[in-house]
Amino acid sequence: MKRVIDPDVLLLQGAADPTRLAILRQLAAGAGVCACDFTACCDVAQPTVSHHLKVLREAGWVSTERRGSNIYYSLNPAAIERFRAIAGEVARMFPLPAARSLPVIQPPA
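Residues numbered from 1 in each chain as written. Predicted model: local features only at pLDDT ≥ 70, side-chain atom pairs only at ≥ 80, totals over all residues. Heavy atoms only, no water.

**Student:** Got a minute to help me understand helix α4 (residues 46-59) in this structure?
**Tutor:** Since one α-helical turn is 3.6 residues long, residues separated by three or four positions face the same way. Between the first and last C-alpha of α4 there are 20 Å, a value that for 14 residues agrees with the 20 Å anticipated at 1.5 Å per step. Among the residues of α4, those classed as buried are V49, H52, L53, L56 and A59. Projection of α4 onto a plane perpendicular to its axis shows the buried side chains occupying an angular sector of 125°, all on one side. Of the residues in α4, the exposed ones pointing more than 90 degrees away from the buried face are P47 and E58. Buried residues belonging to α4 abut α1 (7-15), α2 (18-28), α3 (38-42), β2 (62-67) and β3 (70-75). (Helix = DSSP H or I, 4+ residues; strand = E, 2+ residues; numbered from the N terminus. Expected span 1.5 Å × (residues − 1). Buried < 20%, exposed > 50% of the residue type's maximum accessible area, 1.4 Å probe, protein only. Arc of directions from axis to C-beta. Contact = heavy atoms within 4.5 Å.)

**Student:** Please explain the packing of α2 against α4 as it appears in this structure.
**Tutor:** Think of two packed helices as two axes; the pair is described by the angle between the axes and how far apart they sit. Two elements in contact, α2 and α4, have axes separated by 10 Å at closest approach and are oriented at 75°. Between α2 and α4, the angle falls in the class roughly perpendicular. On α4, the residues that touch T19, R20, I23 and L24 of α2 are H52, L53, V55 and L56. Taken together, the residues that form the contact of α2 with α4 break down as five nonpolar, two polar and one charged. (Axes fitted to C-alpha atoms, helices over the stretch in contact; angles between N-to-C directions. Parallel < 35°, antiparallel > 145°, perpendicular 65-115°, else oblique. Nonpolar A, V, L, I, M, F, W, Y, C, P; charged D, E, K, R; others polar.)

**Student:** Mind showing me how you'd approach the nonpolar core here?
**Tutor:** Buried together is how nonpolar side chains tend to be arranged in soluble globular proteins. Residues I23, L27, F38, L53, W61 and Y73 are the most contacted members of the largest nonpolar core, which totals 19 residues. Elements supplying a minimum of two residues to this core: α1, α2, α3, α4, β3 and α5 (77-93). For this core, the element with the highest residue contribution is α4, accounting for four residues. Aside from chain neighbours lying at most four places away, what touches W61 is L11, G14, A15, L24, L56, S74, L75, N76, A79, I80 and F83. (Core = buried A, V, L, I, M, F, W, Y, C linked by side-chain atoms within 4.5 Å.)

As structure tokens, then:
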């Protein structure tokens, strides 16, 4: 199996998992989050959280900061902007059909 190196594919694959999406949502709700605080949102064991955080870090979604013995994670603004750009490109490829109005039918008097 070929290893994916396209950064856009890695970004999308990084978010394409229920646990990782839950982590991204928690990060979007606030500032830096300690790695130890993700087990509550994800309902998985700490080693599994660590694995998902590693995937998100390698995909470019998160950045880290060490504070004492803890590591805090935050969303990478560049990843958010790239995700928006990819979504915009896809949206332009599939425009929404024009809205049409339906006739109003009045009940008989």
